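Read off the chains here:
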Amino acid sequence: MNARLRGAAALLAGVCMVAGPAACGEAGGARESNGSASGGAPKIGVLLPDNTSRLYHFDKPLIEKKIHHLCPECTVETVSAQHDVATQQQQMDAMITKQVQVLILDAVDSKSLRSSVESARRAGIPVVAYDRLVEGPVSAYVSFNGETVGRLQGEALLKALGPKARDAQIVMMNGASTDPNSAWFKQGALAALKGKVKIAKAYETGDWRPENANRNMSAALSALGADHIDGVYSANDGLAAGIIAALQAAKVAPLPPITGQDAELAAIQRLVKGDQIMTVYKPFAPEAGTAAAMAVALGRGEKLKDITTHTVNSPTNRGIPAVLLTPVSVNVHNIKNTVVKDGMYTIDQICTPKFESACKRAGLLR
């Protein structure tokens, strides 16, 4: 296990303070039950959208570790869909055929996986929607409050623009239209931005791909001109990378303020360098721990009332038991007290020789 994953595993000790005692196996009876409702050891399937993002490198080992902590007899199978809807549908079918007791699903496409969720329900397999609320009869949902994510981004962009915000023009680079989280982030951002800055161009970025954000930003530059773009709302760090590449290719200097989300290592380094003004950090240990607690409880036929704190609605279902966690805004001034303090990254990982002088200016190195 590398240093980041060791640090991530250490975060599990703090899950109970954020997601409640049930996520730590201290409530809801999850520790005291023996075996699933059918009498055998629960088999839990975890379906992730890719094997390149934070979800795979950080959340996956934490989910597996917490499941085994709460339920030593449980077996876990984790698969990645490589961003492909058809692959994830096939993986869902395979899990159903294997008769797993519970599925934890982060859907590639929330609408397209609805039929698979319905198939799981017909087979008596509860589905925990992870990070992204999939359509269909899910039994529980855990994520971060998306409206808060967008609001933090919008507020940071306004602060960076300062007094000139009212006369400024921004480009809004939203996420994929197929992801319900994108609309949630956008709603929060607009709540902060509307009436306070002019949104000159707005894009929905297909598949959340940086290359699509790059093309969109290039189109905005052609339409508006570099001198007429004062800031960019970027829904996440991957999009920010594509946006910045387009701006640099157009010789834009200095870069306008650009937001982000996910606290990717490259984004933290961009904060240090000054290429990005903020990112939204979503402490993944509480989210992973809560999903594990939900899955174990459902696998044992137990209720979720001691775990869930909210209810949410999807386009197909109302009153879904949920846990919505609180995201954190990270800028160059609080890197040490957020992602470093929580063990997500070390100073050495952030401050490689390429970023040494910038890290000294930021106070990360002496």
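Residues numbered from 1 in each chain as written. Predicted model: local features only at pLDDT ≥ 70, side-chain atom pairs only at ≥ 80, totals over all residues. Heavy atoms only, no water.

- As recorded in an unreviewed UniProt entry, the protein chain goes by the name Solute-binding protein, listed as coming from Streptomyces nigrescens.
- Its UniProt record gives the protein chain the following Subcellular location (unreviewed entry) comment, quoted word for word: "Cell envelope". (UniProt positions renumbered as here; feature names shortened; annotations may be inferred.)

Some points on the pattern of salt bridges
Then, number 1: Applying the stated criterion across every chain yields a total of 13 salt bridges.
Then, number 2: With a shortest N-O distance of 3.1 Å, Arg114 and Glu118 are connected by a salt bridge. Of this pair, Arg114 and Glu118 are both found in helix H5 (residues 114-122), four residues apart, which corresponds to roughly one turn of the helix.
Then, number 3: Taking relative accessible area as the criterion, Arg114 reaches 35% and is therefore assigned partly exposed.
Then, number 4: Each of Asp106, Arg132 and Asp179 takes part in a single network of salt bridges with overlapping partners. (Salt bridge = Lys/Arg side-chain N within 4 Å of Asp/Glu carboxyl O. Helix = DSSP H or I, 4+ residues; strand = E, 2+ residues; numbered from the N terminus. Buried < 20%, exposed > 50% of the residue type's maximum accessible area, 1.4 Å probe, protein only.)

Describing the pairing of strand E8 (residues 231-234)
Then, number 1: Where burial is concerned, the two faces of E8 agree: the one with Gly231 and Tyr233 and the one with Val232 and Ser234 are both buried.
Then, number 2: Sheet analysis places strand E6 (residues 169-174) next to E8, joined by four bridges and oriented parallel. The partner of Val171 across the bridge, within E8, is Val232. (Pairing = 2+ DSSP bridges.)

Examining the state of the cysteines
Then, number 1: Following the criterion strictly, the structure yields two disulfides and no others.
Then, number 2: The residue that forms a disulfide with Cys71 is Cys74, at a sulfur-sulfur distance of 2.0 Å. Between Cys71 and Cys74, the S-S torsion sits near 85°, and that sign places the bridge as right-handed.
Then, number 3: Through a disulfide, Cys351 is tied to Cys359; the S-S separation comes to 2.1 Å. On the sign convention where negative is left-handed, the bridge of Cys351 and Cys359, at about -95° about the S-S bond, is left-handed. The pair formed by Cys351 and Cys359 is uniform in burial state, with each residue classed as buried.
Then, number 4: Ordinal numbering of bonded cysteines along the protein chain defines a disulfide pattern of 1-2, 3-4. (Disulfide = S-S within 2.5 Å.)

Concerning the packing of helix H8 (residues 210-224) against helix H9 (residues 237-249)
Then, number 1: Running from N to C, H8 and H9 point in directions that differ by 40°, and their axes come no closer than 7 Å. As summarised for this structure, H8 and H9 are arranged oblique, according to the angle between their axes. The chirality of how H8 crosses H9 is right-handed. Across from Pro210, Ala213, Asn214, Met217, Ser218 and Leu221 in H8, the residues of H9 making contact are Gly238, Leu239, Gly242, Ile243, Ala245, Ala246 and Leu247.
Then, number 2: Residue composition of the contact of H8 with H9, grouped by class: nine nonpolar, four polar and no charged. (Axes fitted to C-alpha atoms, helices over the stretch in contact; angles between N-to-C directions. Parallel < 35°, antiparallel > 145°, perpendicular 65-115°, else oblique. Left-handed = near helix turned anticlockwise from the far one by under 90°. Contact = heavy atoms within 4.5 Å. Nonpolar A, V, L, I, M, F, W, Y, C, P; charged D, E, K, R; others polar.)

With respect to the sheet that holds strand E2 (residues 75-80)
Then, number 1: Strand order across the open sheet formed by seven strands is E2-E1-E3-E4-E5-E11-E10, with mixed pairing between neighbours. Where the open sheet ends on each side, the last strands, each with one partner, are E2 and strand E10 (310-312). Between one strand axis and the next, the sheet turns through 25° on average, direction left out of account.
Then, number 2: Pairing analysis gives four bridges linking strand E1 (residues 43-48) to strand E3 (residues 102-105), with the strands arranged parallel. Bridged to Leu47 within E3 is Leu105.

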